[in-house]
Amino acid sequence: MKVWRLFAVVTAGGAAAALTPVLLRRLGQLRYDRGLAALRLLVRGGARYAGSAPRLFVTAGEQRQLLREDLALQTAEDVADTLGAMKGVMMKIGQMASYVDDGLSPAVRRTLARLQDSVPPMSPQLAAAVVAEELGAPPERAFARWDPQPIAAASIGQVHRAVTLDGRAVAVKVQYPGIAETIAADLGNVALLRRMLRIAAPAQDIDALLTELRERVLEEVDYRREASNQSLLAGYYDGHPTIHIPRVISELSTRRMVTSELSGGSRFAALASWSQQERDLAAETIYRFVFRSLYEARAFNGDPHPGNYLFHGDGRVTFLDFGLVKHFTQAELQPLLQMARTVCVEHDPEAFRRGLENAGFLRPHAPLSTQAIVEHLAVFYDTIREPGPLTITGDYASSVVRRFFDVHSPVAEYISVPRSYVLLQRINLGLFAVLGELTATADWRAIAEEIWPFTRGPASTPMGEAEAAWRTRRQAIAA
């Protein structure tokens, strides 16, 4: 089970990065401390499973399965608590594992989902010290009101409510002190990261994923880049009927702080109790956001987990956290467009195969039938290859993951994900996981045709009509 494998590899060792001697000593101690925390996790888990071995041995049938599930749940609790406290890269990989289903029970997945939006915060004093260092004044003077208790805590920072001196309600994301060194220590532990990524992203090119993750996470430490990403997308979606991105307050944003408009709303867990119609509308908005951002803004939020959404009803969704954004060139987008067109619109499997080869997804002249290649690599297009309503269930989302990551498939040894697209696969898998959690129904093909640049189809839903009107207004303003 993934939770046990994730638990086990957290304890693995690794190699040091090429660093200055002083920093190397400091990071060496940091790696030692984090390794010790992981070792204690291993000892607790080993004792837990060893203590239960006699009962597992003598128990059969349903009782044995219940015992296994109880052990998995206890282990998941320990993994979530430990990785949540470790923060940084370790927590981010734990988030990846938490929303890409791999046979986890619902209880275990809910436990690991704590890594998405509920982790131990830093003390109010530490947060205040960061604000004072960044703004030159303590938060009580830099803001008219400052709430010392965070409203959210994530992998490299936490969020506080505040009111600016001119009366605006804002959310202030404050970076954990020392997180840059923590991330450097984690990124230097190459062996550990490779083992963890093989669990969170099996069958991918781990070296390419590690390189991409390293660059994106190092960018994420500089909150000025996050503020730029958020401002770009907030400007693009300004006035959108259902997509909202809080505006950045640039004069209160620095290298270790991002201040933006405060947004309310319900978390993903609460959405589960809403009507299916509301869940379908929320899913449609998320789908439109993902692919409009990709094909039009050429920017892709690489942190798609459900903790980054706030829901307001009627399909309105606020999107948060833009530290891990991948920007695409037009040349990088072209193969994606070509593959979607050949497999979904032109129904030309040979052209689809050539597109995969040209983009580097498939080794040229692989001794495989084109049918086998399409069955394995067109998995992300299954929901949009034919028109008509389709419900994406949790079981279906899990089957997508299993098919794509099937290392026993004869296709597996001939495929790889080029570095430019490794985060794209993560987003796709995360999107299916979210839609599956919502049991979302829509005519996904019709929505895709609205967004594809090579079709520009008519509005297919009331939300699509509202979006078309928004696009018309944007074009008029641009002209």
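Residues numbered from 1 in each chain as written. Predicted model: local features only at pLDDT ≥ 70, side-chain atom pairs only at ≥ 80, totals over all residues. Heavy atoms only, no water.

*Asks:* What's the story with the nonpolar core in this structure? I'm lost.
*Replies:* Soluble globular proteins: nonpolar side chains tend toward being buried together. Membership of the largest hydrophobic core comes to 75 residues, with the highest contact counts inside it found for Tyr287, Leu294, Phe319, Tyr381 and Trp444. Counting 24 residues, the second largest nonpolar core, distinct from the first, contains Ala127, Ala162, Val170 and Val258. (Core = buried A, V, L, I, M, F, W, Y, C linked by side-chain atoms within 4.5 Å. Buried < 20%, exposed > 50% of the residue type's maximum accessible area, 1.4 Å probe, protein only.)

*Asks:* Where do I start with the environment of Leu262 in this structure?
*Replies:* Position of Leu262 among the secondary structure elements: in the loop between β6 (257–261) and α13 (268–271). Residues in contact with Leu262, not counting those within four places in the same chain, are Ile151, Arg161, Ala169, Val170 and Ala171. (Helix = DSSP H or I, 4+ residues; strand = E, 2+ residues; numbered from the N terminus. Contact = heavy atoms within 4.5 Å.)

*Asks:* Is there a simple way to explain unusual backbone geometry in this structure?
*Replies:* Note on backbone geometry: most residues besides glycine have negative phi, and most peptide bonds are trans. A positive phi angle is found at Asp314, which is not glycine, with a value near 60°. As for its position among the elements, Asp314 is in the loop between β8 (309–313) and β9 (316–319). The exposure class of Asp314 is exposed, given its relative accessible area of 53%. One non-glycine residue, His347, adopts positive backbone phi at about 50°. If you trace the backbone, His347 turns up in the loop between α15 (330–345) and α16 (349–359). For His347, a relative accessible area of 46% translates into the label partly exposed.

*Asks:* Help me out: how do you make sense of the sheet that holds β9 in this one?
*Replies:* Across a sheet, paired strands are connected by hydrogen bonds in the backbone, their directions being either parallel or antiparallel. Pairing in this open sheet of three strands is mixed, and the strands run β5-β9-β8 from one edge to the other. Across the chains shown, the open sheet's two edge strands, defined by having one partner strand only, are β5 (243–244) and β8. Bridge count between β8 and β9: four bridges; the pairing is antiparallel. Pairing of Leu310 across the sheet is with Thr318, part of β9. Helix α14 (residues 276–297) contacts β5, β8 and β9 of the sheet and is inclined by roughly 45° relative to β9. (Pairing = 2+ DSSP bridges. Axes fitted to C-alpha atoms, helices over the stretch in contact; angles between N-to-C directions.)

*Asks:* Would you mind showing me how to read the side chain of Ser260 here?
*Replies:* Relative to the elements of secondary structure, Ser260 occurs in strand β6. Beyond its immediate sequence surroundings of up to four residues, Ser260 is in contact with Val170, Ala171, Gln230, Pro246, Arg247, Val248 and Ile249.

*Asks:* Is there a simple way to explain helix α17 (residues 370–377) in this structure?
*Replies:* Note on helix geometry: an α-helix contains 3.6 residues per turn, so any two residues three or four positions apart are oriented the same way. Residues Thr370, Ile373, Val374, His376 and Leu377 constitute the buried set of α17. Buried positions along α17 lie against α16 and α18 (394–404).

*Asks:* What exactly am I supposed to notice about empty space enclosed by the protein here?
*Replies:* If a probe the size of a water molecule is rolled over the atoms, the empty space left behind becomes visible. This structure, assessed with the given rule, holds four cavities of 30 Å³ or more. Estimated volume of the largest cavity: approximately 450 Å³. Phe291, Phe380, Tyr381, Leu424 and Asn428 are the residues nearest the centre of the largest cavity, which is lined by 28 residues in total. Tallied by class, residues from the lining of the largest cavity come to 24 nonpolar, four polar and no charged. (1 Å grid on protein atoms, 1.4 Å probe; cavity = no way out; pocket = protein on both sides within 12 Å on 5 of 7 lines; lining within 4 Å. Points joined across faces, edges and corners; volume = space filled by probe spheres on them. Nonpolar A, V, L, I, M, F, W, Y, C, P; charged D, E, K, R; others polar.)

*Asks:* What should I look at first to understand the pairing of strand β4 (residues 169–175) in this one?
*Replies:* Remark: a regular strand shows side chains that alternate across the two faces of the sheet. Counting buried residues in β4 gives six out of seven residues, a clear majority hidden from the surface. Sheet topology note: the strand β3 (residues 157–163)/β4 ladder contains seven bridges and is antiparallel. Across the sheet, the residue bridging to Ala162 is Val170, located in β4. The hairpin formed by β3 and β4 contains five residues between the paired strands, and Gly167 there has a positive phi angle of roughly 95°.

*Asks:* What is the right way to look at the environment of Arg445 in this model?
*Replies:* Mapped onto the secondary structure, Arg445 falls in helix α20 (residues 444–451). Look at Arg445 and you get buried, because its relative accessible area is 8%. Taking the C-alpha atoms as reference points, Arg445 and Tyr381, separated by 64 residues in sequence, lie 9.2 Å from one another. Leave out the neighbours within four places in its chain, and Arg445 touches Cys344, Val345, Thr383, Ile384, Arg385, Glu386, Pro387 and Trp452. At 3.1 Å, the side chain of Arg445 forms a polar contact with the backbone oxygen of Ile384. (Polar contact = N/O pair within 3.5 Å; in protein donor to acceptor, adjacent residues only side chain to side chain.)

*Asks:* Is there a simple way to explain the packing of aromatic side chains in this structure?
*Replies:* Think of a pair of aromatic rings as described by two things: how far the centres are apart, and how the planes are tilted against each other in angle. What the rule picks out here adds up to 18 aromatic pairs. A centroid spacing of 6.0 Å and a plane angle of 10° characterise the contact between Tyr237 and Trp470, whose relative ring orientation is stacked. Placement of the pair is Tyr237 in the loop between α12 (223–236) and β5 and Trp470 in helix α21 (residues 462–478), with a sequence separation of 233 residues. This pair shows no difference in class: Tyr237 is buried, exactly as Trp470 is. Joined through ring pairs, the aromatic side chains of Tyr236, Tyr237, Phe268, Phe289, Tyr309, Phe311, Phe319 and Trp470 make up one cluster. Sitting over the face of the ring of Phe328, Lys326 holds its NZ or CZ atom 5.8 Å from the ring centroid. (Phe/Tyr/Trp six-rings, centres within 6.5 Å; stacked < 30°, edge-to-face > 60°. Lys NZ or Arg CZ within 6 Å of the ring centre and 35° of its normal.)

*Asks:* Help me understand the side chain of Glu284 in this model?
*Replies:* Counting through the fold element by element, Glu284 comes out in helix α14. Looking at Glu284, the relative accessible area reads 6%, which means it is buried. Those residues in contact with Glu284, other than ones at most four positions away along the chain, are Trp444, Ile447, Thr461, Met463 and Gly464.

Just distances and angles here, no functional claims.
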